[in-house]
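Here are the chains, one letter per residue:
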Amino acid sequence: VYRVHWLRTLALRDRWAEELLLVGQEMIWAVDFFIHKSQQWVSQMQEADANQQVGHWCYAARQARIYLRLSQQAQDSFERAKGVVRVAE
């Protein structure tokens with residue numbers, strides 16, 4: 001009986017360790033995604049500037065700033081969350 005409980009506990013611990021690893025990677029992927037989208041909008045800005053499309057340029061600039069801000073906020077939030085996880089370990 002004790003071995004069964006020990007094996008279940010070991011499996012549960014392993015699942016949580018894997019989940020912690022995956023969540024850490026997902027945090028990195030989220031920040032990278034926001035940066036990528038921001039860069040896409042910057043390239044749209046450059047294209048609109050070359051074509052002298054002021055309205056398109058303004059929209060692309062706004063979107064680029066939004067995604068850049070999202071990446072910064074996500075990075076800050078994730079750093080705080082990682083600190084909490086380290087303390088809890």
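Residues numbered from 1 in each chain as written. Predicted model: local features only at pLDDT ≥ 70, side-chain atom pairs only at ≥ 80, totals over all residues. Heavy atoms only, no water.

Engineer: What is the right way to read the overall build of the protein from this model?
Structural biologist: Each helix and strand in the protein was counted, giving two helices and zero strands. Scaling as 2.2 N^0.38, a compact globule of 89 residues should have a C-alpha radius of gyration of about 12 Å, whereas the protein reaches 21 Å, well beyond that. Viewed in the frame of its principal axes, the protein has a C-alpha envelope of about 75 × 20 × 10 Å. Here the analysis covers contacts within the protein between residues at least 6 apart in sequence; of these, 61% occur between residues at least 24 apart. (Helix = DSSP H or I, 4+ residues; strand = E, 2+ residues; numbered from the N terminus. Rg over C-alpha atoms; globule rule 2.2 N^0.38 Å. Contact = heavy atoms within 4.5 Å.)

Engineer: How do you make sense of the pattern of salt bridges when you look at a structure like this?
Structural biologist: Side-chain pairing between opposite charges can occur once the charged atoms of the two side chains come close. Under the defined criterion, the tally for this structure stands at one salt bridge. Aspartate 14 serves as the salt-bridge partner of arginine 13, at 3.1 Å between the closest nitrogen and oxygen. On the basis of relative accessible area, aspartate 14 is assigned to the partly exposed category, the value being 40%. (Salt bridge = Lys/Arg side-chain N within 4 Å of Asp/Glu carboxyl O. Buried < 20%, exposed > 50% of the residue type's maximum accessible area, 1.4 Å probe, protein only.)

Engineer: Can you walk me through helix 1 (residues 2-50) in this structure?
Structural biologist: Spacing of three or four residues puts side chains on the same side of an α-helix, whose turn is 3.6 residues. Given a rise of 1.5 Å per residue, 49 residues ought to cover 72 Å, and the 72 Å separating the end C-alpha atoms of helix 1 matches this to within 8%. Gly24, Met27, Val31, Phe34, Ser38, Met45 and Ala48 are the residues of helix 1 that are buried. Looking one or two places after helix 1, you find glutamine 52, whose phi comes out positive at around 55 degrees. (Expected span 1.5 Å × (residues − 1).)

Engineer: Would you mind showing me how to read the packing of aromatic side chains here?
Structural biologist: In this description, an aromatic ring pair is defined by two values, namely the gap between the centres and the angle between the planes. Taken as a whole and assessed by the stated rule, the structure comprises three aromatic pairs. Look at phenylalanine 34 and tyrosine 67: their rings are 6.3 Å apart centre to centre, the planes differ by 35 degrees, and that puts the pair in the tilted class. Here the residue phenylalanine 34 occupies a position in helix 1, and tyrosine 67 occupies one in helix 2 (residues 54-88), the gap between them amounting to 33 residues. The pair formed by phenylalanine 34 and tyrosine 67 is uniform in burial state, with each residue classed as buried. One aromatic cluster is present, formed by Phe33, Phe34 and Tyr67 through successive ring pairs. (Phe/Tyr/Trp six-rings, centres within 6.5 Å; stacked < 30°, edge-to-face > 60°.)

Purely geometric stuff here, so don't read any function into it on its own.
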